[in-house]
Amino acid sequence: MTLLFWFIVLSVFLGFFFWATNLLRTEADGERFDAGLAILEFGRAYSDEAIRHVLMSADGEMVFLRLWTGRTGVMRRNGKRDLCHLIDPSELRLSASQDGKELTIEFPGMKALSGTFEFRSQKEAAEVSLWILGSVSAAIQPEFQLPSHA
């Protein structure tokens, strides 16, 4: 009975070890973006923004973050650096492909973030474009204030 227990513990440990080393190797090669890493890095860059939802492009090249303030953030790996940016919808051009799974986003002021990004489904691409559209209303809405009692 104890031999079986130790065999299971050792198997779980070895499985975790191989999974972790494979994850680190793909991260180092730049093949994959981890959602947890994106949350940490974006949190460092914009500590005042709370993240509500994270979606990645199908190839993991770009991470889109929906924020609690209604704005949208993006994160893209550029060499060994991670570029984090809060989207200002007035400073970008967005277009969708015919199949609806790809979005072409152009940031005239930041060419390193521009590109065509494919998503796993049309739903994900539509959701990201709605987040960006929602950023427009978040940018023009005034701060909510409680009524004062005189």
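Remember, it's a predicted structure, so these values are computed and weren't measured experimentally.

Participant: Would you mind going over the sheet that holds strand S7 (residues 115–118) in detail, with residue names and values included?
Facilitator: Strands sit in the order S5-S6-S7 across an open sheet of three strands; the sheet is antiparallel. For this open sheet the edge positions go to strand S5 (93–96) and S7, each flanked by a neighbour on one side alone. Neighbour-to-neighbour, the strand axes of this sheet turn through a mean angle of 20°, independent of strand direction. Pairing analysis gives four bridges linking S5 to strand S6 (residues 102–106), with the strands arranged antiparallel. Bridged to serine 95 within S6 is threonine 104.

Participant: Outline the sheet that holds strand S1 (residues 51–56), listing residues and values.
Facilitator: Pairing is antiparallel across the open sheet formed by four strands, whose spatial order is S1-S2-S3-S4. Sheet topology places S1 and strand S4 (81–86) at the edges, where each strand pairs with a single neighbour. For this sheet, the mean inter-axis angle between neighbouring strands, taken without regard to orientation, is 20°. Of the strand pairs in this sheet, strand S3 (residues 72–78) and S4 are connected by six bridges, and their pairing is antiparallel. Residue glycine 73 lies in a different strand from S4, and its bridge partner there is leucine 86. Running over the sheet, helix H2 (residues 35–45) touches S1, strand S2 (62–67), S3 and S4 and is turned about 110° from S3.

Participant: Can you lay out H2 for me, pointing to particular residues and giving the numbers?
Facilitator: Considered for burial, the residues of H2 that qualify are Ala38, Glu41 and Phe42. Taken end-on, H2 shows its buried residues confined to a sector of 95°, consistent with a single buried face. Projecting away from the buried face of H2 at angles above 90 degrees are the exposed residues Leu40 and Arg44.

Participant: Got a sec to walk through the packing of aromatic side chains? Specific residues and values, please.
Facilitator: Per the stated rule, a full pass over the model turns up four aromatic pairs. With centroids separated by 5.3 Å and ring planes inclined at 70°, the aromatic side chains of phenylalanine 5 and tryptophan 6 adopt a geometry described as edge-to-face. Classification of phenylalanine 5 by relative accessible area gives partly exposed; the value is 49%. Under the relative-accessibility criterion, tryptophan 6 is labelled exposed at 56%. Ring geometry for phenylalanine 64 and phenylalanine 119: centres 5.5 Å apart, planes at 45°, overall tilted. One end of the pair, phenylalanine 64, is in strand S2; the other, phenylalanine 119, is in the loop between S7 and helix H3 (122–140), and 55 residues separate them in sequence.

Participant: I'd like a rundown of the pattern of salt bridges, residues and numbers included.
Facilitator: On inspection of all chains with the given rule, the structure shows four salt bridges. Of the charged contacts, one joins arginine 120 and glutamate 124 as a salt bridge, the two residues approaching to 3.8 Å between their closest N and O atoms. The class for glutamate 124 is buried, based on a relative accessible area of 16%.

Participant: Run through the pairing of S6, naming residues and quoting values.
Facilitator: Side chains Leu103 and Ile105 of S6 all project onto a buried face; the interleaved residues Glu102, Thr104 and Glu106 project onto a face where none is buried. If you look at the hairpin formed by S5 and S6, you'll find five residues sitting between the two strands, and glycine 100 has a positive phi there, around 80°. Pairing of S6 with S7, which is carried by four bridges, proceeds in the antiparallel orientation. Opposite leucine 103, over in S7, you have phenylalanine 117 as the bridge partner.

Participant: Summarise the confidence of the model for the protein chain; cite the residues concerned and give the values.
Facilitator: Scored by pLDDT, the protein chain has a mean of 79; 78% of the residues are at 70 or more. pLDDT under 50 marks residues 26–31. Its contacts with residues more than four places away, or in other chains, come to nine contacts.

Calculation notes
- Residues numbered from 1 in each chain as written.
- Predicted model: local features only at pLDDT ≥ 70, side-chain atom pairs only at ≥ 80, totals over all residues.
- Heavy atoms only, no water.
- Pairing = 2+ DSSP bridges.
- Helix = DSSP H or I, 4+ residues; strand = E, 2+ residues; numbered from the N terminus.
- Axes fitted to C-alpha atoms, helices over the stretch in contact; angles between N-to-C directions.
- Contact = heavy atoms within 4.5 Å.
- Buried < 20%, exposed > 50% of the residue type's maximum accessible area, 1.4 Å probe, protein only.
- Arc of directions from axis to C-beta.
- Phe/Tyr/Trp six-rings, centres within 6.5 Å; stacked < 30°, edge-to-face > 60°.
- Salt bridge = Lys/Arg side-chain N within 4 Å of Asp/Glu carboxyl O.
- pLDDT = per-residue confidence, 0-100.

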